[in-house]
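Chain and residue survey
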Amino acid sequence: MADSLEERLTELEVRLSFVDDTIVALSDTVAAHDRQLHALRNALDALRIDLQAVRGTLGQAAQDEPPPPHY
């Protein structure tokens with residue numbers, strides 16, 4: 001009976017070790033995804049600013065131009 005209990009305890013310790021490793025790996029993956037998401041959000045914000053600048057430039061240029069000769 002003692003051997004059986006000791007074997008069960010050893011099996012549980014091994015499983016717990018694998019669970020701990022899995023939790024650490026998942027935590028690292030989530031942290032990496034969070035960093036990547038933050039970088040993507042920053043890039044998207046920069047693109048929005050650039051797009052607004054381009055739209056502003058194009059809008060002003062079109063208004064300043066005289067109409068084509070056929071008008």
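From a predicted model like this one, the values you see are computed outputs, not experimental measurements.

A look at the overall build of the chain
On a plain count of helices and strands, the chain comes out with 1 helix and 0 strands. Evaluated residue by residue, the chain yields a buried proportion of 0% over its 71 residues. Carbon and sulfur atoms make up 61% of the accessible area of the chain, which amounts to about 6,900 Å² in all.

Observations concerning the pattern of salt bridges
Evaluation of the coordinates by the stated rule reveals 2 salt bridges. Its salt-bridge partner being Asp 45, residue Arg 48 comes within 3.7 Å of it at the nearest N-O pair. Of the two residues, Arg 48 and Asp 45 both sit in helix 1 (residues 2-64), 3 residues apart, roughly one turn of that helix. Exposure remark for Arg 48: the relative accessible area of 48% places this residue in the partly exposed category.

A closer look at a nonpolar patch on the surface
There is a patch of nonpolar side chains on the surface, built from Leu 16, Val 19 and Ile 23 and spanning about 280 Å² of accessible area. Tracing the chain through its elements places Val 19 in helix 1.

Cut-offs and rules
Residues numbered from 1 in each chain as written. Predicted model: local features only at pLDDT ≥ 70, side-chain atom pairs only at ≥ 80, totals over all residues. Heavy atoms only, no water. Helix = DSSP H or I, 4+ residues; strand = E, 2+ residues; numbered from the N terminus. Buried < 20%, exposed > 50% of the residue type's maximum accessible area, 1.4 Å probe, protein only. Areas by Shrake-Rupley, 256 points an atom, 1.4 Å probe, with all protein chains shown as cover. Salt bridge = Lys/Arg side-chain N within 4 Å of Asp/Glu carboxyl O. Patch = residues over 30% accessible without salt bridge, like charges linked within 9 Å, V, L, I, M, F, W, Y side chains within 5 Å.

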